[in-house]
Structures are given as C-alpha cells and as structure tokens.
Amino acid sequence: RKDFDAAGPVRRATLYATALGVCDLHLNGERVTEARFLPGWTDYEKRVYYHTFDVTGNLREGANAIGAILADGWYAGYLGYGLLVGYGPDRCGRYFYGKTPSLLMQLVLEYEDGTTEVVPTDASWRVGTGGYREADLLMGEVLDAREIPDGWDAPGFDDGGWAPAVPATANGSLPVTYHDAGGTREIDLGFRAPERLEAYPMERVLPTQELKPVNIVKKEEGRFIVDFGQNFAGVVRLRASGSAGTAITLRHGEMLHPDGRLMTENLRRARATDTWTLRGNPDGEVYEPRFTFHGFQYAEVSGYPGDLAPDDVAGIVLHNDTALGSAWESNDPMLNRVFQNVVWTQRSNFLEVPTDCPQRDERFGWTGDAQVYARAATYNADVAAFFTKWMQDLRDAQGPEGAYPDYAPYPMQHGGSGERYGTAWTDAGTIVPWAAYTAYGDLRLLREHYPSLQRFILFRQTASPDYGGTHLGNGWGDWLSMGEETPIPYIDHCYYAWSVHLAAKIAEVLGEEQDARVYHDLAGKIRNAFVRAYVNEDGTLAVDTQTAYVLALDMGMMPEDKAPAAAARLVEKIVENDRRMTTGFLGTRPLLPVLTAAGHFDLAVELMQSRRFPSWGYAVEQGATSVWERWNSYTIEDGFQEGMNSFNHYAFGAVVEWMFDTLAGISPAEPGY
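A quick note: this is a predicted structure, and the numbers were derived from the prediction, not measured. (Residues numbered from 1 in each chain as written. Predicted model: local features only at pLDDT ≥ 70, side-chain atom pairs only at ≥ 80, totals over all residues. Heavy atoms only, no water.)

Here's the deal with the sheet that holds strand 15 (residues 183–188)
Strand pairing in a sheet relies on backbone hydrogen bonds, with the paired strands running either antiparallel or parallel. If you walk across this open sheet you meet the three strands as 7-14-15, and the pairing is antiparallel. The open sheet has two edge strands with one neighbour each: strand 7 (88–89) and strand 15. Sheet topology note: the strand 7/strand 14 (residues 175–180) ladder contains two bridges and is antiparallel. Looking at the pairing, Gly88 lines up with His179 of strand 14. (Pairing = 2+ DSSP bridges. Helix = DSSP H or I, 4+ residues; strand = E, 2+ residues; numbered from the N terminus.)

Considerations on helix 6 (residues 428–440)
The end-to-end C-alpha distance of helix 6 is 18 Å, a good match for the 18 Å that 13 residues give at a rise of 1.5 Å each. When you tally the buried positions in helix 6, you get twelve out of 13 residues, the bulk of the element. Of the positions making up helix 6, those classed as buried are Ala428, Gly429, Thr430, Ile431, Val432, Pro433, Trp434, Ala435, Ala436, Tyr437, Thr438 and Ala439. Where helix 6 is buried, its residues contact helix 4 (367–380), helix 5 (384–397), helix 7 (443–463) and helix 8 (488–509). (Expected span 1.5 Å × (residues − 1). Buried < 20%, exposed > 50% of the residue type's maximum accessible area, 1.4 Å probe, protein only. Contact = heavy atoms within 4.5 Å.)

What to know about the side chain of Arg347
Along the polypeptide, Arg347 turns up in helix 3 (residues 333–349). Nearest to the buried, unbridged Arg347 among oppositely charged side chains is Asp321, at 7.1 Å. Engagement of the side chain of Arg347 in a polar contact is seen with the side chain of Gln209, the distance being 3.0 Å. Arg347 has contacts with Thr208, Gln209, Val317, Leu318 and His319, leaving out every residue within four places of it along the chain. (Lys, Arg positive; Asp, Glu negative; His and termini not counted. Salt bridge = Lys/Arg side-chain N within 4 Å of Asp/Glu carboxyl O. Polar contact = N/O pair within 3.5 Å; in protein donor to acceptor, adjacent residues only side chain to side chain.)

Some points on the sheet that holds strand 5 (residues 47–54)
Overall, mixed pairing links the five strands, which are arranged 9-8-2-5-16 in an open sheet. Looking at which strands have only one partner, the edges of the open sheet turn out to be strand 9 (116–120) and strand 16 (196–199). Strand-to-strand, the axes of this sheet are offset by a mean angle of 20 degrees, without reference to chain direction. Note: strand 2 (residues 10–20) against strand 5, four bridges, orientation antiparallel. (Axes fitted to C-alpha atoms, helices over the stretch in contact; angles between N-to-C directions.)

Comments concerning the packing of helix 4 against helix 15 (residues 656–663)
Direction vectors running N to C along helix 4 and helix 15 enclose 65 degrees, while the axes themselves pass 8 Å from each other. Like other packed secondary-structure pairs, helix 4 and helix 15 cross with a definite hand, here left-handed. Of the residues in helix 15, those in contact with Arg375, Ala376, Tyr379 and Asn380 of helix 4 are Val656, Glu657, Phe660 and Asp661. Class assignment for the residues of the contact of helix 4 with helix 15 results in four nonpolar, one polar and three charged. (Left-handed = near helix turned anticlockwise from the far one by under 90°. Nonpolar A, V, L, I, M, F, W, Y, C, P; charged D, E, K, R; others polar.)

So, the packing of aromatic side chains
The description of two aromatic rings rests on the distance between their centres and on the angle between their planes. Summed over the entire model, instances satisfying the criterion amount to 48 aromatic pairs. With 6.1 Å between their ring centres and 55 degrees between their planes, Tyr379 and Tyr673 make a pair best called tilted. With a gap of 294 residues between them, Tyr379 in helix 4 and Tyr673 in the segment after helix 15 connect regions that are remote in the sequence. Here Tyr673 falls in the partly exposed class, since its relative accessible area comes to 42%. Aromatic pair Phe601 and Trp658: ring centres 6.2 Å apart, planes at 40 degrees, arrangement tilted. Residue Phe601 is found in helix 13 (residues 601–609), and its partner Trp658 is found in helix 15; the two are separated by 57 residues along the sequence. The class for Trp658 is buried, based on a relative accessible area of 1%. Within the aromatic cluster, the residues linked to one another by ring pairs are Phe37, Trp41, Trp74, Tyr81, Tyr87, Phe293, Phe364, Trp366, Tyr407, Tyr410, Trp476 and Trp479. Seen from the ring of Trp344, Arg347 lies directly overhead, with NZ or CZ sitting 4.5 Å from the centre. For the cation-ring pair, Arg363 lies above Phe293, with the distance from its terminal atom to the ring centre recorded as 4.7 Å. (Phe/Tyr/Trp six-rings, centres within 6.5 Å; stacked < 30°, edge-to-face > 60°. Lys NZ or Arg CZ within 6 Å of the ring centre and 35° of its normal.)

A word on unusual backbone geometry
In terms of backbone geometry, most residues other than glycine have negative phi values and most peptide bonds are trans. At the junction of Leu38 and Pro39, the peptide bond is cis and its omega measures out at 10 degrees in the coordinates. Phe613 connects to Pro614 through a cis peptide bond whose omega is -5 degrees. Structurally, Pro614 can be placed in the loop between helix 13 and helix 14 (616–621). Here Phe37, not a glycine, exhibits a phi torsion of approximately 65 degrees, which is positive. Within the element layout of this structure, Phe37 appears in the loop between strand 4 (30–31) and strand 5. With a relative accessible area of 2%, Phe37 lands in the buried category. Its identity as a non-glycine residue notwithstanding, Tyr95 has a phi of 60 degrees, on the positive side. Structurally, Tyr95 can be placed in the loop between strand 7 and strand 8 (102–111).

Some points on the nonpolar core
Among the nonpolar cores identified, the biggest contains 148 residues, and Phe530, Leu541, Leu592 and Leu595 are the most heavily contacted of them. By residue number, the principal contributor to this core is helix 8, which donates twelve residues. Among the nonpolar cores identified, the runner-up in size contains 25 residues, and Ala13, Ala17, Phe53 and Ala68 belong to it. (Core = buried A, V, L, I, M, F, W, Y, C linked by side-chain atoms within 4.5 Å.)

Considerations on the pattern of salt bridges
Tallied over the full model, the rule gives 50 salt bridges. A salt bridge links Arg290 to Asp24; the shortest N-O distance between them is 3.1 Å. One end of the pair, Arg290, is in the loop between strand 24 (285–287) and strand 25 (294–302); the other, Asp24, is in strand 3 (residues 22–27), with 266 residues separating them in the sequence. One exposure class covers both Arg290 and Asp24, and it is buried.

Points about the side chain of His51
Relative to the assigned elements, His51 resides in strand 5. Judged by relative accessible area, which is 1%, His51 ranks as buried. In terms of polar contacts, His51 uses its side chain to reach the side chain of Arg204, at 2.8 Å. Ignoring sequence-local partners within four residues, the contact set of His51 consists of Leu15, Tyr16, Ala17, Leu38, Pro39, Tyr200 and Arg204.

Looking at the environment of Thr367
Here Thr367 lies in helix 4. Expressed as a C-alpha distance, the spacing of Thr367 and Tyr404, which sit 37 residues apart in the sequence, is 8.4 Å. Apart from the residues lying within four places of it in its own chain, the contact partners of Thr367 are Trp390, Leu394, Pro405, Asp406, Tyr407, Trp425, Thr426 and Ala428.

Dropping the structure here:
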C-alpha cells in the first residue's frame, strides 16, 4: 500500500498494473475491478501483460491510498500434475516460474491545469500481511477475516508496522534443482524480468453469472451438501453470522457418491478446499474467494453456524468474458441438453487458456483438445481475441526444432518419449489459426503466425523425409478411444498431410504464392505415400479401425475412386459394433461430417441421438450437465472411472460444429462470417 496526495482537481486518472503472480487492485477503500487473476497466465520469462483502468472516479483531491493484494497464481503456485508426478524445483510441484511474486503498478494523474503526476511502485510502498493465509489456484484459499487490517487500502491507515517494499531486482538468488520428464537441471528462482511487457489482449476473467442452489442437504449439524444443478468453473459465495474464530470449510466436487458423499477422487492432488474464519461481525459477513477457482457442481459446507438457507449461498461462474454468439434448439430435449452441456464446458475451460479441465490438478492448454474443438468454439462464442492470445502462447512455447508442444503455456515437460510434442497435438499450430481465420477473416492473425508456421512445417518435413507418418513424440493418439487402437504412424501420416494442406491454404490467403505451390506439392507427395502404404485395391485400408477410415476420408487421403468403398467399410464397422462408435478425441469430431458427406446422414443422426453407451446421449441420461472427458467417465455398471477422470472436458463437444453446419445448415460461405 501507499498513501499519496492529489495536488488538485484530476481530469483523468489511469492505473496500469501487472504482476508476477496474481493481484487484486484497490484504491481508496474499494476494489478497482471485479476481474480476477490479473495479469493472466503467460510464459513469464518471455512476456507479461499489463492491464489498464480508468480510475478517475475513484480519486479524491487531497489524500488518497493505493494498494494491492498479491498472490502466487500460476507464477509461483501449484501447477498441473507437478505435485502428483514430482515435477518442479526439488519435485515440489510449484514455483515453475519463480518463488516470490512481485507487483508493478503506475498511476498516472492528469490534472485540470494540464500537469501530470505519476505514482509508481517503488521502495516507498509498504508491505504487510493481511487475512489471506493461503491462496492457490489448485489447492484453494484460506482467509482469516480477523486478520484483515481495517482500512488498509484507505488514506490515513497506520502502516508503521509494515515493512518497506523490496525491489524485485534486490530479492536475491535462489538456486534449486529442477525436475521434469526432460530430466534434471539447475535453475534460479530469483527474479527474472520478462522480455516483453504488453497490453492484455483479450476479455478479462470475470464473474459472469450467479447460480442459486437447486438443493441443500443437511448431513449433520453444521455440514451441508449444496447442489448448484450445473457443473461449472468458479467459486462459492457464502454469507454467515457467527462468533469470531468460527472456521467454515468449503470442499468442491463434480459428482456425488451413491451414498451422498462428495466425490473428490478425480481431483487427484488438487485440494480444492477454501477455509474462511469469521471476523465475528454481528451484522453478518460475506466471503467470495478471489485467488482461486474450482470446477464443481456440488459444494460441501462444514462448520457453518446455524442452518444454511438458499439465500446464504451462491455459485459464482468465472471465465474470460467471451460473449456467447449463438443458441441451438431442436425438438429433441436430449440434443438441446447436449448443446447446453457443450456451452457450459467451453465457459468452464476458457479461462486464460483453453484448458482441458477446470477441476483436477491439470488445467493445461492441451493442444490436441484445442485443435479438435476450435471450430466448435467459434460457433458458440466470440473467441477471436481469446484464440489470438493463445496462439501467442503457442508461439512462445514452440520448441527450437519447430514443434508446438503438448500444451501452452509449457511450464513443465511431460510424457514418456523424451519430447515435448506429439502427433495431432503439435498440429494445433496449423489447425487453430485456420479455424479462427475461417470464423473471423482476420488476416493479421495469420500474418503474425506465418513465420512460426513455416518453422513448424520444416520440422514436420525433417521428421518425415520419406513423406510418410512416424511415431512423432508422445503417443497420445486417438485419445480415449473405445476398443480400437489406431497406430500413431498412421494418424501422423494423415495429420502431416493435413497440416501441410492448411499451410498451403494459409500461404495462398497471404499471397505467398511460391510457398503455396511448394506446400501443395508436398501435400500431394504425402498423400501418394499414404496410398502406397495403406490403401488396398478394393478401397479398404490396411488399418481397419473406425478412426482410420474417418481420418483418411476427412483429410482427403483417399483417391476419389476409392473413397466410396472406404466410407462403406466405415459404415460396416459401425454396424458390426452394434451401431456404436469406437472413436476417441481425434476420430469423433470428423465422424458425423464424414458419414454425412458420404451419404449416410441417417446413421450420423442415429449416432447423435443415441442414448446407448457410448454416446453423448448416454451422459445426458446419467444427468450430465457438461461434457465428460471419457465416454465411460461414469457407467451404471462400473460406477466412476478411477484415476484420470473429468466431467468437464470439451473435446467430445466438438460435435457442436456438425450440429450447426449440418443440422442447422449454418456454414461459412467465406471467411469472416
């Protein structure tokens, strides 16, 4: 905090703020913004974003006070499965970017007389400890309201007991041993200034909706299970009246066990627990966590004084405020619920990056998930700025060999191959920008990305000099397929051709005619090699899986005269499997479009409307309010899938693309629709 004087009437006051960590900004006793987790998640060594606020209305002539609460966030907090698998400094699962958060702010006062004054962060600021005892995105938040200093963010507060601020550059060195799947190395957790400081480029993370409970079950005195009726990402706002020192605990889960207990096994090492100690205000108190978020439908409230009433609790939905751009409705209630589930899942996971899930110890911007879902995302909401930002994350994470990694940002190396990338995941670097261009017609995005894309195509050529597929890095493959496994080299061959094909189209759009010719020629050679390796004389494939046929047909790998036979074999395989899918993340998105294009629209609709396992309808029939990670995340016969399991995962929600462009008939005539 810092006290300062405004020397006269202020015409305009502008606050610029950023941090290594996350910060909550205060001015004259009020929060500057309801936005959360400022300044956002980036590769902090390469770039950090700053935020700008017009705070003219918050300023007073004379005495003022400015302050901030600073927490670990992505910078110094627990990240992903780091703790689960022993990654990070001394295998502790946190401090992947640095150990000590730091704050950078600048308040610019423009006076009515034309003069300007700047109030910066410097050694004149004072630093104290407030009521927050823990604040972590995965673990949760601990707030002792008794320890919040009254008026700390208002002028006139006595901060004589607080310490002078320490410049980050003077905070010293902290050598440690770092571990991840790439090996062990020595790093320094001392302050490192980012290479670039840039304006935040997209909509901020905001509370966008308030959910009231649909049911509250009292389990015992002081302990309640609250059902919000919807799986979402956010926090619980709680109102309570009790004596000072009363501790209330909030635990979060997506599902309940059959006996009504909160199901938290799928959270793995994410504690997802908030603890609030009451100050003892006789008029009541309200708590809403500021430095964490959870993925949940149910909350367990323990230690609550009295009976918990519906008006005492609310679910606060948090995500980047990407405006919804569509609605979808049919005369089938199940399909309507599928659409709503997809939208809720997108909202839950579009938080700073397109995460895989919002609940467990992961929440990474997995590239494979993002590339299969990108077109669907553009139908549901305005994600132009969101994808523009994430494409920068992807470029910042691009390896020296030219490959895009398995997720972005990329704080830790993971996987068994010794590489940072894998087939179809690395290809997000061509698929996502093309999807964004198709929706928004933004040439600037393609132009900014093009040099990076060229390096990526060169990497792919180097990895496959014979124009064939290879086991490229990590073997994620057709992730979570059911009963059929498609070889990685086969998948890689298809994705290699598709990425080069998209590179050619991007080059054409940008007027890079020579590159376009080279890429078109290369794509043709890759397809010819595919035909020699995999296509039989009768049009069947040497790899006989549903996903193999779907990818070959979707990505233009089949000779025109043999495509009908391949489509017929795909249909035959579905029928042989009791008219059910076996496809995973990669095969499911193009499955219904391929069947439709081949004249089997009836079968596509049958799969879409099926209520039998595995299907979208099966999850809906089991009460799903969001998209599940696995077809078998939960089954009546086997219960919950153990280990890696999420009930809020958008990859299988890519079917929304087909629901719009085929069932609703809305498809772009040209980019920028």
